[in-house]
Structure formats: C-alpha cells, structure tokens
Amino acid sequence: MNTRHLLPSAKIAEFLATTDAPTPFVVIDVDLVEQRYRELVTAIPSANVYYAVKANPGLPLLERLAALGSAFDVASPAEIDRCLTVGADPALISYGNTIKKRRDIEYAVSCGVSRFTIDAQPELDKLIDVAPAASVCVRLRHECGGADWPLSRKFGCDAPDVERLLVAASEAGMQSGVSFHVGSQQRDLGAWDETLEVVAHIVGRARDRGAMPSFLNLGGGFPGTYLEDAPPIHAYGGAVRDALALWFPEGLDEIMIEPGRYLAADAGVLRSEVVLVSRRSPEDDVRWVYLDCGKFHGLAETMDEAIRYRLRTPHDGTPTGQVALAGPTCDSADVLYEKTAYELPLALAEGDMVDILSAGAYTTTYSSVGFNGFPPLDEHFV
Ligand SMILES: *Cc1c(COP(=O)(O)O)cnc(C)c1O
C-alpha cells in the first residue's frame, strides 16, 4: 500500500459530505483507532499497549480502547478521570508524567493507580512518601535522531542516574523498570535497538548492585501518515522484536509500549475553510492561503514546520502553484507552512474546504480556549 495516498475512511467521507457543522473541526473514526490498535498488537505481540491519552483524550476513543483491553498512559488527574469514566481498570493506568504534584500522586493512589514514572531523586522521594507501594519507572534520556517531533529534551536522566534511581527504588522495596521515548514520529527503525543497548547495560549494572528491574517501557514513536513516508508498522514491529531478542534474550515480566500518534493520527481529519487567498505583492509567485484553523486551533505541531500534514482540497488534480499557509488569528506566529514547499490548486478560493489529513493526534487539546475570540477546535466522533 502506498500510504502517502491513504484516504479517510468511508465513514469520515460520508460525515464530511453531509455535515453542515461549523469549521474548523476534527472528525475521528473510532473504528480506525481499533484497526490501528489491532495492527500494533499483531506487530509487537509481546508488548502491552498503554495508549498515550494526551494524543487524543476523546471519550469515544478511550471507551473503544478500554473495551479492547488497552492500558493507558496518563499525565494528570484529569486524564485518570477520563480513563476511569470509560471503565478502565486503574491497575492498567500508568502515570507517565515525570513531573507530578504531590497531591496529584495522592489522588492517583486513591484511584488505584500504582505505576509512576520519574527521572529525578526528589520525585522518587515524593513517591516513597506518598506512594510507597508504587511501581517505579525510571526514564532514560537518550537522544535519537530520526524523529520529526523529538521528546528527549525535557525528560529523562542520564544512564548513571537511571542506575542510581533503580537501586534507590529497589532499596525502598519498590518494583522498578526503565522507560524511554525514541522521539515522536520516529522514522529511523534503528532507534529502538540503539536505545535498548544502552538500557541493557544499565539494567545489567543495576542488577549487579542488587536491584531487580522487572519491566521495560519502550514509549511511543510509531508513525502517523504525513507528507514524508514512514516505514509500515510491521517493519517497526520487526525492529522492536529483534532489538528485544538481542538485548533482553532472557525477557522481563512486562514490556510496555505507549503509542499515541499511531493510534489516533490517521483516524482523524481536520476540516478547515479558506478565509482568504492573497498575494503579498503583485509580482509574488507565492499565494498566501489563510485557513480558519491555525497554530492556536490545534495545529501546534506545525511549530518549526515539524509535522507536515497532507492536505486535500475540492480542486485536487487541477494545476497547482506554491503557497504559504497560515491561520486566521492576529498573531504573526500563526503561520503553518512558509518554508515547506506546499503546492495547492490555483483554483482554490475563499469558502473552499481544506481537509488536513491524519490530524487525529495532538490537535483537539492543543487548541486555545478562545484566542482572538475564535472558539476552540470542535470534535466529532463517527
Ligand atoms: C507523548 C508520549 C507518548 C506518545 O508518543 P507517540 O510518539 O505519540 O506515540 C508516549 N509516552 C510518553 C511518556 C509520552 O510523553
């Protein structure tokens, strides 16, 4: 399959053809989320899926995943509540944010959540205080290339600190494991092998010092379908399975993965409307296309033009010309693409609908609450 031409599902197409809902909005096909979940479980059968709720916390989506037996990776009490609302088992909720208020940890414990990620001794101290029976996941910082949306800068600690924290957790009588994230939209399949080699050495040294790490959390990084091709999911599965077999031949009690983007991105389409097409000067070849959806309406991942969405217009197949794309607000940062060479039909005009494909992840909750008086991005589930 040439994934570059992956189109929305029949259900989404029907919704878009018949709706008069005001734009901008995202429409999510929950069946596609289920399909992606099943594909991922098939690709990496040894891993338990913890859906990264932040990618899209829509209740119908969470409900479907809970029904499929998925576990959840959360970052806050509100995300815990959403998972519990759809019937998730608190034993299958992992609190993956390394930065937690003490009272939020207490709240999580009161809900029955027992696994927490840390990357610093003071955060471990909080857990020892208020969640001494917790299972502790220590996050490694490991810079991988190849990711369109890197996640390594803010989180994680270096290998010697991971080892120290594993030993400290173990001395406190807590279960422990190691986590990492190879970067979101990771298109280099070698990233897992490279990182698992580092993790294997850490685990070996921690074991020598008496710790018994019992689980591994391989994070997310599995791709959505954007302009640049990414390998198919079975290739990711092969890379992860091979790396695990090489570095952890003896296995561990649990292997976790935390997909967000892979499960949600391709399940959604963001529909926007063209507000204005203009040229900044008469001799300028580049048209500026202003949509009613921009950086402040959920398209935050266009920051530095990092995530390059595929676009669909009613005039596809007709002659095109270069465009810059921007949102509707009065902030000059509200530009989507200026450096990336996007071409759109010359016939594109005010009032046309522009569909932003594979926009089901990292959009709805990235929307501002009302900057410039524009309402937040709406969402529909089919
Ligand atoms: C955001 C996040 C994920 C999801 O990453 P994707 O690349 O979207 O799959 C997984 N784990 C943690 C800890 C995260 O912060």
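For the structure given in this document, a descriptive report is provided here. Predicted, not measured: the structure shown is a model, and the values here were computed from it.

### Some details on the packing of aromatic side chains
All chains considered together, the criterion is met by 10 aromatic pairs. Centroid distance Tyr-226 to Tyr-309: 5.5 Å. Interplanar angle 90°. Geometry classified as edge-to-face. Here Tyr-309 lies in the loop between strand S13 (287–291) and strand S14 (311–312) and Tyr-226 lies in the loop between strand S10 (215–217) and helix H9 (233–247), a separation of 83 residues in the sequence. Across the pair, exposure class does not vary: Tyr-226 and Tyr-309 are buried alike. The rings of Trp-192, Phe-222 and Tyr-236 are connected pair by pair, giving a single aromatic cluster. Lys-100 extends its terminal NZ or CZ atom over the ring of Tyr-95, reaching a point 5.8 Å from the ring centre. Note that Arg-280 overlies the ring of Trp-288, its terminal NZ or CZ placed 4.6 Å from the centroid.

### Focus on the nonpolar core
The nonpolar side chains of a soluble globular protein tend to be buried with one another. Counting residues in hydrophobic clusters, the biggest one holds 104 residues, and the most contacted among them are Tyr-51, Phe-72, Leu-216, Leu-218, Phe-222 and Leu-325. For this core, the element with the highest residue contribution is helix H8 (residues 191–208), accounting for 8 residues. Built from parts of two domains, this core gets at least three residues from each of domain 1 (30–263) and domain 2 (266–381). Ignoring any residue separated from it by four or fewer positions in sequence, one finds Phe-72 in contact with Tyr-50, Tyr-51, Val-53, Leu-62, Leu-65, Ala-66, Cys-83, Ala-88, Leu-92, Ile-93 and Ser-94. Within the second largest apolar cluster, 8 residues are counted, among which are Phe-15, Leu-16, Val-269 and Leu-357.

### Regarding unusual backbone geometry
Following Thr-23, the chain continues into Pro-24 via a peptide bond in cis, with omega recorded as 0°. Counting through the fold element by element, Pro-24 comes out in the loop between helix H1 (10–18) and strand S1 (25–28). Of note, the phi angle at Gln-185 is positive, near 50°, even though the residue is not glycine. With respect to the element layout, Gln-185 can be found in strand S9 (residues 184–186). For Gln-185, a relative accessible area of 0% puts it in the buried group. Unusually for a residue other than glycine, Glu-305 sits at a positive phi of about 55°. You can see Glu-305 is positioned in the loop between S13 and S14. Looking at Glu-305, the relative accessible area reads 7%, which means it is buried.

### Quick look at the pattern of salt bridges
Under the counting rule described, the total for this entry stands at 21 salt bridges. The salt bridge partner of Glu-163 is Arg-209, with a shortest N-O separation of 3.0 Å. Linking Glu-163 in helix H7 (residues 159–171) with Arg-209 in the loop between H8 and S10, this pair joins segments that are 46 residues apart in sequence. Among the residues examined, Glu-163 registers a relative accessible area of 9% and is labelled buried.

### A few points about the side chain of Ser-9
Secondary-structure assignment places Ser-9 in the segment before H1. Here the side chain of Ser-9 touches Asp-29 through a polar contact of 2.6 Å, side chain to side chain.

### Things to note about the packing of H7 against H8
It is the contact of H7 with H8, at a shortest axis distance of 9 Å, that shows an interaxial angle of 40°. Put simply, H7 runs oblique to H8. In terms of crossing hand, the pair formed by H7 and H8 is right-handed. Where H7 abuts H8, its residues Ala-159, Val-162, Glu-163, Leu-166 and Val-167 lie against Ile-202, Arg-205 and Ala-206. Classifying every residue of the contact of H7 with H8 by side-chain character gives 6 nonpolar, no polar and 2 charged.

About the cut-offs
- The numbering scheme is per chain: residues are counted from 1 as the chain's sequence reads.
- This being a predicted model, a pLDDT of at least 70 is required before a residue's local features are given, and a value of 80 or more before pairs of side-chain atoms are given or counted; all residues contribute to the totals for chains, interfaces and linings.
- The side-chain figures draw on all heavy atoms in the structure; neither hydrogens nor water molecules are used.
- Between rings of Phe, Tyr and Trp, where Trp is taken as its six-membered ring, a pair exists when centres lie within 6.5 Å; planes separated by under 30 degrees are stacked, by over 60 edge-to-face, and by other angles tilted.
- A run of DSSP states H or I qualifies as a helix once it reaches four residues; a run of E qualifies as a strand once it reaches two. Both are numbered from the N-terminal end.
- Residue exposure (1.4 Å probe, protein chains only): buried if accessible area is under 20% of the type maximum, exposed if over 50%, otherwise partly exposed.
- Only when the NZ atom of a Lys or the CZ atom of an Arg is both within 6 Å of the ring centre and within 35 degrees of the ring normal do we say a charge sits over the ring.
- Side-chain atoms within 4.5 Å are what join buried Ala, Val, Leu, Ile, Met, Phe, Trp, Tyr and Cys residues into a set we call a nonpolar core.
- Where each domain starts and ends comes from a domain assignment, either automatic or drawn from a database.
- When checking whether two residues touch, look at their non-hydrogen atoms; a contact exists if any pair is within 4.5 Å.
- The term salt bridge refers to a pairing of a side-chain nitrogen on Lys or Arg with a carboxyl oxygen on Asp or Glu at a separation within 4 Å.
- N or O atoms closer than or at 3.5 Å make up a polar contact, with two conditions inside protein: a donor-capable atom paired with an acceptor-capable one, and, for residues adjacent in sequence, both atoms drawn from side chains.
- Interaxial angle, 0 to 180 degrees, is taken between N-to-C directions of lines fitted to C-alpha atoms, where a helix line uses only the stretch in contact.
- Roughly parallel covers angles under 35 degrees, roughly antiparallel covers those over 145, roughly perpendicular covers 65 to 115, and oblique covers all other angles.
- With the far helix as reference, a near helix turned anticlockwise by less than a right angle produces a left-handed crossing, and one turned clockwise produces a right-handed crossing.
- As a working rule, the residues Ala, Val, Leu, Ile, Met, Phe, Trp, Tyr, Cys and Pro are called nonpolar, Asp, Glu, Lys and Arg charged, and the rest polar, with Gly in that last group.

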